[in-house]
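In case you want the letters, here they are:
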Amino acid sequence: MIGTVCLRHLLLPALLVIWVQTAAAIEPVNPNLNDKARAVLNYLETIYRDRVLVGMNGDRETEKAIQISGKRPAVVNYDLCGWNSPTWGKSYTKVMDAKIEPILQRAKQGTIITMTFHWKNPAKKDGTAWVNPPKGTGPFDMKAGTTPGTPEYKAVMEDLRRHGDYLQVFEDAGVPILFRPLHEIDGGWFWWTDAETPENTAELYRMIFDSYVKERKLDNLIWVYNAGVKCAGADPADPVEAIEHRKRYYPGDQYVDISGIDIYPSEHYGWKLPQESSYAKAFEIMSKVTPGKMLAFSEGAGIPDPDAMAQAGPKWLYCLPWWADHRLNPKDWVDKTFNHPLMITLDELPDWDAR
């Protein structure tokens, strides 16, 4: 048994290249997806349900994880948002500009880049992504925002255009991006969640897709759908499972390459610490909401238990914790998970330029 395991690890880098070369190509939702992005998507299909990519959020936490574990994450997340108010003011654009070079450098190393669109309310210069106080700046009229000709619709489209300028930089540089718009789409804490008429939120997702794929021709984006720990507008007695209500937020298979869910520990909703769970319940929920899609643990407090994932599953496509060296993701857990044989780190990824 020990010899078999050792042999597998010795052969794995070569096998991964062979699998990428010979596996049947997955059909992307953008038929014009460029070659490098297709190579990434095809690779993801080859490792899915076998091993798990390990990720980290942002440069600061990534460097912490490297220092702790000696391993570089295979996936690193950045935010398509400048955070500071007013939106598109000097401070906002300074934050946006500062992300470009680090992303290009990570991509040059072979890291798979994922981007969250933490979208500030486009109808308010001082708006935030959140709805409720203290961080929230109120709701957004989702029906108006998805109806051509309204002021809200015009604000949405203009903001998409300006953020698209930044995505264009990575398209031009040949950087594939796992793009995660409207993250935690059904949670209810962000302005884009229409709890009463989720179809409006689904339509907004389709508008983003059409703007960037059909109009802008951004052919480097792999599209990631992203649910939250609970579902707004569902039966209060069952806000977590809520399969049928969650489905109402879904834009359709033709707009989604990968499906994911974000989970932070919550005794109230039944989500345990990552050290205590592989989050099989979440995997089952998303399997029902988005059947047939590869499923990712797209964001969370820490990496789910790799021993449990290896023995009984589920094997997520990738796991992306928000922090390293944090009370919910302490050093010993970062070290264990980054060095676990189930997990794939940067050193095991293929050379995308050689594809």
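Residues numbered from 1 in each chain as written. Predicted model: local features only at pLDDT ≥ 70, side-chain atom pairs only at ≥ 80, totals over all residues. Heavy atoms only, no water.

**Student:** Tell me what's going on with the packing of aromatic side chains, and back it up with residues and numbers.
**Tutor:** Here the structure, examined in full by the defined rule, presents 24 aromatic pairs. Ring geometry for F283 and W316: centres 5.0 Å apart, planes at 75°, overall edge-to-face. Of this pair, F283 sits in helix α9 (residues 280-289) while W316 sits in the loop between α10 (306-311) and β8 (318-321), placing them 33 residues apart in sequence. For the pair formed by F283 and W316, the shared burial category is buried. Across from the ring centre of W130, 3.9 Å away, lies the NZ or CZ of K135, which sits over that ring. (Phe/Tyr/Trp six-rings, centres within 6.5 Å; stacked < 30°, edge-to-face > 60°. Helix = DSSP H or I, 4+ residues; strand = E, 2+ residues; numbered from the N terminus. Buried < 20%, exposed > 50% of the residue type's maximum accessible area, 1.4 Å probe, protein only. Lys NZ or Arg CZ within 6 Å of the ring centre and 35° of its normal.)

**Student:** Just give me the short version of unusual backbone geometry, but keep the residues and values in it.
**Tutor:** Omega for the peptide link from S85 to P86 comes to -5°, which places this bond in the cis form. Structurally, P86 can be placed in the loop between β2 (75-79) and α4 (90-109). Looking along the chain, the bond that leaves P133 and enters P134 is cis, with omega of 5°. Tracing the chain through its elements places P134 in the loop between β3 (112-117) and α5 (142-145). Backbone geometry places R49, a non-glycine residue, at a positive phi of 75°.

**Student:** An account of helix α2 (residues 35-47) is needed here, citing residue identities and associated values.
**Tutor:** Taking 1.5 Å as the rise per residue, α2 with 13 residues should run 18 Å; its terminal C-alpha atoms sit 19 Å apart, in good agreement. Residues of α2 that are buried: A37, A39, V40, L41, N42, Y43, L44, T46 and I47. (Expected span 1.5 Å × (residues − 1).)

**Student:** With reference to specific residues and values, describe the pattern of salt bridges.
**Tutor:** For the structure shown, the criterion picks out 20 salt bridges. Residue D165 is joined to R216 by a salt bridge in which the shortest nitrogen-to-oxygen separation is 2.7 Å. Highlighted residues: D165 in helix α6 (residues 151-172) and R216 in the loop between α7 (198-215) and β5 (221-227), separated in sequence by 51 residues. A salt bridge links K214 to D210; the shortest N-O distance between them is 3.3 Å. Of the two residues, K214 and D210 both sit in helix α7, four residues apart, roughly one turn of that helix. Within this structure, E158, R161, D165 and R216 form a network of salt bridges that share partners. (Salt bridge = Lys/Arg side-chain N within 4 Å of Asp/Glu carboxyl O.)

**Student:** Break down the packing of helix α3 (residues 58-69) against helix α11 (residues 331-338) for me, with residues and values.
**Tutor:** The contact between α3 and α11 brings their axes to 9 Å, and the two run at 80°. The angle between α3 and α11 places the two elements in the roughly perpendicular class. Together, A65, I68 and S69 of α3 and K331, V334, D335 and F338 of α11 make up the contact between the two elements. Residues belonging to the contact of α3 with α11 are distributed by class as follows: four nonpolar, one polar and two charged. (Axes fitted to C-alpha atoms, helices over the stretch in contact; angles between N-to-C directions. Parallel < 35°, antiparallel > 145°, perpendicular 65-115°, else oblique. Contact = heavy atoms within 4.5 Å. Nonpolar A, V, L, I, M, F, W, Y, C, P; charged D, E, K, R; others polar.)

**Student:** Provide a residue-level description of the nonpolar core, including the pertinent values.
**Tutor:** Proteins that are soluble and globular tend to have nonpolar side chains buried together. One finds L44, L53, M115, W119, F179, W223 and W316 to be the most contacted residues of the largest nonpolar core, which totals 110 residues. Other than its neighbours up to four places away in sequence, W119 contacts T128, A129, V156, D159, L160, H163, L182, W191, W192, L204 and I208. (Core = buried A, V, L, I, M, F, W, Y, C linked by side-chain atoms within 4.5 Å.)

**Student:** Residues and numbers for the packing of α6 against α7, please.
**Tutor:** Packing of α6 against α7 brings their axes to within 10 Å, and their N-to-C directions diverge by 45°. In terms of orientation, α6 and α7 fall into the oblique class. Relative to α7, the crossing made by α6 is right-handed. Note on element contacts: α7 touches α6 through L204, M207, I208, S211 and Y212, opposite Y153, V156, M157, L160, H163, G164 and L167. When the residues that make up the contact of α6 with α7 are grouped by side-chain class, the tally is nine nonpolar, three polar and no charged. (Left-handed = near helix turned anticlockwise from the far one by under 90°.)

**Student:** How would you explain α7 if you had to name every residue and give the values?
**Tutor:** Here α7 is 18 residues long and its end C-alpha atoms lie 25 Å apart, about the 26 Å a rise of 1.5 Å per residue gives. Within the span of α7, buried status applies to P198, N200, T201, A202, L204, Y205, M207, I208, F209, S211, Y212 and V213. One or two steps after α7, the chain reaches K217, where phi turns positive at roughly 65°.

**Student:** Describe the environment of T337, naming the residues involved and giving the relevant values.
**Tutor:** Mapped onto the elements, T337 comes out in helix α11. Separated by 30 residues in sequence, T337 and D307 place their C-alpha atoms 9.1 Å apart. Leaving out residues up to four positions away in the same chain, T337 has contacts with I303, P306 and M343. A distance of 3.2 Å separates a polar atom in the side chain of T337 from the backbone oxygen of V334. (Polar contact = N/O pair within 3.5 Å; in protein donor to acceptor, adjacent residues only side chain to side chain.)

**Student:** Mind laying out the pairing of strand β6 (residues 258-263), listing which residues take part and the relevant values?
**Tutor:** Within β6, six of the six residues are buried, which leaves it mostly tucked inside the rest of the structure. Along β6, one buried face is formed by I258, G260 and D262 and the opposite face, lined by S259, I261 and I263, is buried too. Relative to β6, β5 runs parallel, the two being bridged by four bridges. From the neighbouring strand, V224 faces β6, where its bridge partner is I258. Of the pairings in the sheet, the one linking β6 to strand β7 (residues 294-300) comprises six bridges and is parallel in character. Bridge pairing in β7 links I261 to F297. Read from β6 through α9 to β7, the crossover connection turns out right-handed. (Pairing = 2+ DSSP bridges. Right-handed = clockwise from strand over helix to strand, strands pointing away.)

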